[in-house]
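A look at the structure
Each chain is listed here by its residues.
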Amino acid sequence: MFRIVYEKQAVRDIKNLKAAKLDKKAKDLVEIVRTNPYQNPPSYEKLVGNLSGFYSRRINIQHRFIYQVYEEKVIVDGTTYEGTVKIISMWSHYEDM
């Protein structure tokens, strides 16, 4: 299992997701990457260019779930995690980053 942390932008995106009724889909994606950030399906895309090192999954046709994976094991409050997934954004597309 991976530890989940959120960038400030991702936390702000939650309000938009709820308003658009996409919060369930985003929560499902969080649970998938918590278990295995490389799980396929649903498919993911390894980003390139200035977003190199980031991964993306579709929330819908317009919005993307963008995250980074850190493979180092970490222990938090007595729980050992295989690594950390940092959720960068859950609203908009790449050009807004």
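Residues numbered from 1 in each chain as written. Predicted model: local features only at pLDDT ≥ 70, side-chain atom pairs only at ≥ 80, totals over all residues. Heavy atoms only, no water.

Glancing now at the overall build of the chain. Each helix and strand in the chain was counted, giving 2 helices and 7 strands. Beginning at the N terminus, the succession of helices and strands in the chain can be written as β-α-α-β-β-β-β-β-β. Whereas a compact globule of 97 residues would reach a radius of gyration of roughly 13 Å, the chain reaches 13 Å, a difference of no more than 12%. Principal axes of the C-alpha set define a box for the chain whose edges measure 35 × 30 × 25 Å. Counting the 97 residues in the chain, one finds 37% classified as buried. Across the chain, the fraction of contacts at a sequence separation of at least 24, relative to all contacts at a separation of at least 6, is 55%. When the accessible surface of the chain is summed, it comes to about 6,100 Å², and 51% of that surface belongs to carbon and sulfur atoms. Here the chain carries 16 positive and 12 negative side-chain charges, and the mean point of each set is 4 Å from the other. (Helix = DSSP H or I, 4+ residues; strand = E, 2+ residues; numbered from the N terminus. Rg over C-alpha atoms; globule rule 2.2 N^0.38 Å. Buried < 20%, exposed > 50% of the residue type's maximum accessible area, 1.4 Å probe, protein only. Contact = heavy atoms within 4.5 Å. Areas by Shrake-Rupley, 256 points an atom, 1.4 Å probe, with all protein chains shown as cover. Lys, Arg positive; Asp, Glu negative; His and termini not counted. Charge placed at Lys NZ, Arg CZ, Asp CG, Glu CD.)

So, on to the pattern of salt bridges. Applying the stated criterion across every chain yields a total of 3 salt bridges. Two residues, Lys86 and Glu7, come together in a salt bridge whose shortest N-O distance is 3.3 Å. With Lys86 in strand E7 (residues 83-89) and Glu7 in the loop between strand E1 (2-6) and helix H1 (8-19), the pair connects residues that are 79 residues apart, well separated along the chain. Taking relative accessible area as the criterion, Glu7 reaches 32% and is therefore assigned partly exposed. (Salt bridge = Lys/Arg side-chain N within 4 Å of Asp/Glu carboxyl O.)

Position of Tyr55 relative to the elements: it lies in strand E3 (residues 54-58). For the pair Tyr55 and Glu71, spaced 16 residues apart in sequence, the C-alpha to C-alpha distance is 14 Å. Not counting residues within four places of it along the chain, the set of residues in contact with Tyr55 comprises Tyr38, Tyr44, Glu45, Lys46, Leu47, Phe65, Ile66, Tyr67 and Val69.

Judged by nonpolar contacts, the single largest core of 18 residues is most densely connected at Ile59, Phe65, Tyr67, Val85, Ile87 and Met90. Only E1, H1, helix H2 (23-35), strand E4 (64-70) and E7 provide two or more residues apiece to this core. Of the residues forming this core, the biggest block, 5 residues, is contributed by H2. In contact with Tyr67, not counting residues within four places along its chain, are Val33, Pro37, Tyr44, Phe54, Tyr55, Ser56, Arg57, Val85, Lys86, Ile87 and Ile88. (Core = buried A, V, L, I, M, F, W, Y, C linked by side-chain atoms within 4.5 Å.)

What follows deals with the side chain of Ser92. Along the chain, Ser92 falls in the segment after E7. Exposure remark for Ser92: the relative accessible area of 14% places this residue in the buried category. Beyond its immediate chain neighbours, meaning those up to four positions away, Ser92 contacts Gln62, His63 and Arg64.

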